[in-house]
Amino acid sequence: MEFIAVAVYVAILFAIAFFSMKKTKTLNAFFLGDRKIGPWVSAFAYGTTYFSAVMFIGYAGKIGWGFGLSALWVVIGNAFLGSYLAWKILARPTREMTARLGTMTLPGFLEKRYQSKGLKVVSALIIFIFLVPYSASVYMGLSYFFEMVFGIEYIYALAFMAVITAIYLVMGGYFAVTLTDFVQGLIMIFGVFVLIFCVVNSPQVGGFGNVIPALSSVDPQLVAPVGPPGAVALFSLVILTSLGPWGLPQMLQKFYSIRNENVIRTATLVTTGFALLMAFGAYFTGSLSRLFFSSLAEVGNNVDRIMPTIISQTVPDVVAVLLLLLIMAASMSTLASLVLVSSSSIAVDLLQTVRPQTDQKTSVLVMRILCIIFIGFSLYLAIKPNVILNLMAFSWGAVAGAFIGPYLAGLFYKKATKAGAWAGMLTGTLFCSVFSYLFPDSIPLVGSLAMILSILVVPIVSALTRQLPEEHINYVFAYKDSLSLNTQKAFSSK
């Protein structure tokens, strides 16, 4: 039964990819869908990229086990900060400024905003190198699920997912990704409702009304506002997973591709609702894990096996197939965005810097080849014994730490300088890389601090260094002046 369902699902992906292949002749079409993506598709593209097997398998299990019900603070952060405020604050200026500057990528934006080809080259390398661990963590989460629930050996599940991702993405590009994201988003919504229902009504839990008494009987701290590991550990996870999307290129790409600013209001509401449901389903289920296991020894002392084991114990085979499709849908969307953004960092940013005369056809071909190379690197890392949470936290911290400061200052702070952008980018990346190596058990905290430092360093260094030419700044921020003028006219006419 499960193999038939997976086969049908994969066939649908390939059909969409084949259809989309005819629409991806140019680099802009392959990477951004010609900037013609509507509100619902944009919202689902953002949401399905945000939530993957890393959250459902790695994060939900480890955080739920450690923090109990206080893991729901992460749900609030993901929905409000990571989704609602991200769209409310970032979507409009990102779409307007990148369209005005004629940029398709985050490295391209940094180059045009700060007049620095060096920023473009280094940021492209950071994206390609540091997103590999995140991609590997997604492959690991999905492969654990295949292995635990369906008995498919880890390495075979890993290889299967890699082949599927490569074929589907190389054929269809971003247009295929957005179309399948919508289908995958619907599967995820239905699947999460079923997951919550099955787990809550299992004999181990005994219904919603029994959740708090049952957890209290195990450990009263599991129902406290802040779980046993403490406030610092908890809120570093909230910051990492909620503020992180503000500096991740695969998330910001969704703002580049929207059709126009009229899309934003609807997409903001849809994304927020989607995030609230997905995060609640994952972290609430994870918070119940102590009701299923008395110790981690029951899952081989591997927190990444908590969620797959709960699912295998609580749901019928038919429902397990649905949850398989849920986690596949979440993971495929995330993987597609990661591979696209990473390959574009070389094909769009580096190649066109070294060889500006490269034509569109060659760029698209190179990007397709790089998609396969990036997947290969991710597979190599996924074979190594790692904890999913640490891989993903390191990747988010290093990449978001590099870009969140220069990106936010580039959008909103006219006095941000090239030196300030360099300082913010290098501080975030180096801080995360060095301290993650020195303190591997504190990677989420290190990643959160890297992002905060990046935001603080840019304006401080900018205040001490040479400003960019006034003509350039006026050109970059001209869209804001036109928006203000339009607003004034609207009010004066009433």
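First, a word on what this report is: a plain description of the structure on this page. Throughout, a residue's number is its position along its own chain's written sequence, starting from 1. Since the coordinates come from a predicted model, pLDDT governs what is reported: local features require at least 70, and pairs of side-chain atoms require 80 or more to be given and counted, while whole-chain, interface and lining totals use all residues. Values shown for side chains rest on all heavy atoms present in the structure; no hydrogens or waters enter the calculation.

1. What about the overall build of the protein chain?
Scanning the protein chain from N- to C-terminus turns up 20 helices and zero strands. Taking the contacts inside the protein chain whose residues are at least 6 apart along the sequence as the reference set, 87% of them involve residues at least 24 apart. Areas reported as accessible are Shrake-Rupley estimates using a 1.4 Å probe. Residue values count occlusion only from the protein chains shown. On the protein chain, roughly 18,500 Å² of surface is accessible, and the fraction owed to carbon and sulfur atoms is 69%. Labels follow the DSSP assignment, with helices taken as runs of H or I lasting at least four residues and strands as runs of E lasting at least two, numbered in each case from the N terminus. What makes two residues a contact is simply this: any of their non-hydrogen atoms within 4.5 Å.

2. Quick look at the pattern of salt bridges
Each reported salt bridge corresponds to a side-chain nitrogen of Lys or Arg within 4 Å of a carboxyl oxygen of Asp or Glu. Tallying each qualifying case throughout the model produces one salt bridge. Residues K120 and E111 are paired through a salt bridge, measuring 3.4 Å at the closest nitrogen-oxygen approach. As far as the burial class goes, K120 and E111 line up, both buried. Accessible area is worked out with a 1.4 Å probe on protein chains only. A residue is then buried under 20% of its type maximum, exposed over 50%, and partly exposed in between.

3. Quick word on helix 17 (residues 418-438)
Take the residue count of a helix, subtract one, and multiply by 1.5 Å to get its expected span. Given a rise of 1.5 Å per residue, 21 residues ought to cover 30 Å, and the 30 Å separating the end C-alpha atoms of helix 17 matches this to within 8%. Buried within helix 17 are the following residues: G420, A421, A423, G424, M425, G428, T429, F431, C432 and S436.

4. A look at the environment of A275
Inspection of the secondary structure puts A275 in helix 12 (residues 262-287). A relative accessible area of 1% means that A275 is categorised as buried. C-alpha of A275 to C-alpha of F51: the two residues are 224 residues apart in sequence and 8.0 Å apart in space. If sequence neighbours within four positions are ignored, A275 has contacts with F51, N78, A79 and S83.

5. Concerning helix 13 (residues 306-314)
With respect to burial, helix 13 is a largely interior element, seven of its nine residues being buried. Along helix 13, the positions that sit buried rather than exposed are I306, M307, P308, T309, I310, I311 and T314.

6. Things to note about a nonpolar patch on the surface
Patch definition: residues above 30% relative accessible area lacking any salt bridge, with like charges linked at up to 9 Å and the nonpolar side chains Val, Leu, Ile, Met, Phe, Trp and Tyr linked at up to 5 Å. A grouping of V232, L445, L449, I452, L456, I460 and L464 is seen on the molecular surface, where their side chains present a nonpolar patch of about 650 Å² in accessible area. Here the nonpolar patch gets six residues from one element, more than from any other, and that element is helix 18 (residues 443-464). Within the secondary structure, L456 sits in helix 18.

7. Section: the side chain of T271
The residue T271 is located in helix 12 in this model. Side chain to side chain, T271 and W87 meet in a polar contact 3.4 Å long. With residues near it in sequence (within four places) discarded, T271 still touches A43, Y46, S83 and W87. Here a polar contact means two N or O atoms within 3.5 Å. Within protein one must be a hydrogen donor candidate and the other an acceptor candidate, and residues neighboring in sequence count only if both atoms are side-chain atoms.

8. Some details on the nonpolar core
Nonpolar side chains tend to gather and get buried jointly when the protein is soluble and globular. Ranked by internal contacts, the top residues of the largest apolar core, which has 156 residues, are F51, F109, M278, Y283, L288, F403 and Y407. It is helix 14 (residues 317-354) that contributes the most residues to this core, 17 residues altogether. When near neighbours in sequence (up to four residues on either side) are disregarded, Y407 contacts L90, T94, L106, F109, L110, W246, L252 and F255. What is meant by a nonpolar core is a set of buried Ala, Val, Leu, Ile, Met, Phe, Trp, Tyr and Cys residues, joined one to another through side-chain atoms within 4.5 Å.

9. Comments concerning unusual backbone geometry
Positive phi, close to 55°, is recorded for Q115, a residue that is not glycine. Positionally, Q115 belongs in the loop between helix 6 (106-114) and helix 7 (117-150). Judged by its relative accessible area of 41%, Q115 is partly exposed.

10. Overview of the environment of A423
As for its placement among the helices and strands, A423 is situated in helix 17. Look at A423 and you get buried, because its relative accessible area is 18%. Along the primary structure A423 and V461 are separated by 38 residues, whereas in three dimensions their C-alpha atoms are 7.1 Å apart. With sequence-adjacent residues up to four places away left out, A423 is seen in contact with V457 and V461.

11. Description of the packing of helix 3 (residues 39-50) against helix 12
Every angle, taken between N-to-C directions, lies between 0 and 180 degrees, and every axis is a line fitted to C-alpha atoms, over only the stretch in contact when it is a helix. With their axes 8 Å apart at the nearest point, helix 3 and helix 12 run at an angle of 40° to one another. Here the hand of the crossing between helix 3 and helix 12 comes out right-handed. Residue-level inspection shows P39, W40, S42, A43, F44, Y46, G47 and T48 of helix 3 in contact with helix 12, the latter providing V263, T266, A267, V270, T271 and F274. Each crossing is labelled by how the near helix is turned from the far one, with a counterclockwise turn of less than a right angle marking it left-handed and a clockwise turn marking it right-handed.

12. A short note on the environment of I164
Here I164 shows up in helix 8 (residues 154-200). When the C-alpha positions of I164 and V10 are compared, they lie 7.5 Å apart, and in sequence the two are 154 residues distant.

13. Topic: the packing of helix 10 (residues 231-243) against helix 18
Packing of helix 10 against helix 18 leaves a shortest axis separation of 8 Å and a crossing angle of 60°. Considering their axes alone, helix 10 and helix 18 lie oblique with respect to each other. The chirality of how helix 10 crosses helix 18 is left-handed. For the pair helix 10 and helix 18, the contacting residues are V232, S236, L237, I239, L240 and L243 in the first and P444, L445, G447, S448, M451, I452 and I455 in the second. Throughout, the ten residues Ala, Val, Leu, Ile, Met, Phe, Trp, Tyr, Cys and Pro are labelled nonpolar, Asp, Glu, Lys and Arg are labelled charged, and all others, Gly among them, are labelled polar. The class makeup of the residues in the contact of helix 10 with helix 18 is 10 nonpolar, three polar and no charged. Put simply, angles under 35 degrees are roughly parallel, angles over 145 are roughly antiparallel, angles from 65 to 115 are roughly perpendicular, and the rest are oblique.

14. Details of the packing of aromatic side chains
Only centres within 6.5 Å qualify two rings of Phe, Tyr or Trp (six-membered ring in Trp) as a pair; their planes then separate them into stacked at under 30 degrees, edge-to-face at over 60, and tilted for everything else. Enumeration over the complete set of coordinates arrives at 16 aromatic pairs. On the numbers, 4.4 Å between centres and 10° between planes, the contact of Y50 with F51 is stacked. These aromatic residues form a ring-pair network of at least three members: Y46, Y50, F51, W87, F255 and W396. Here, over-ring charges are defined by two tests on the NZ atom of lysine or the CZ atom of arginine: distance to the ring centre within 6 Å, and angle to the ring normal within 35 degrees. Cation over ring: R113 sits above Y114, and NZ or CZ is 4.8 Å from the ring centre. R290 extends its terminal NZ or CZ atom over the ring of W65, reaching a point 4.3 Å from the ring centre.

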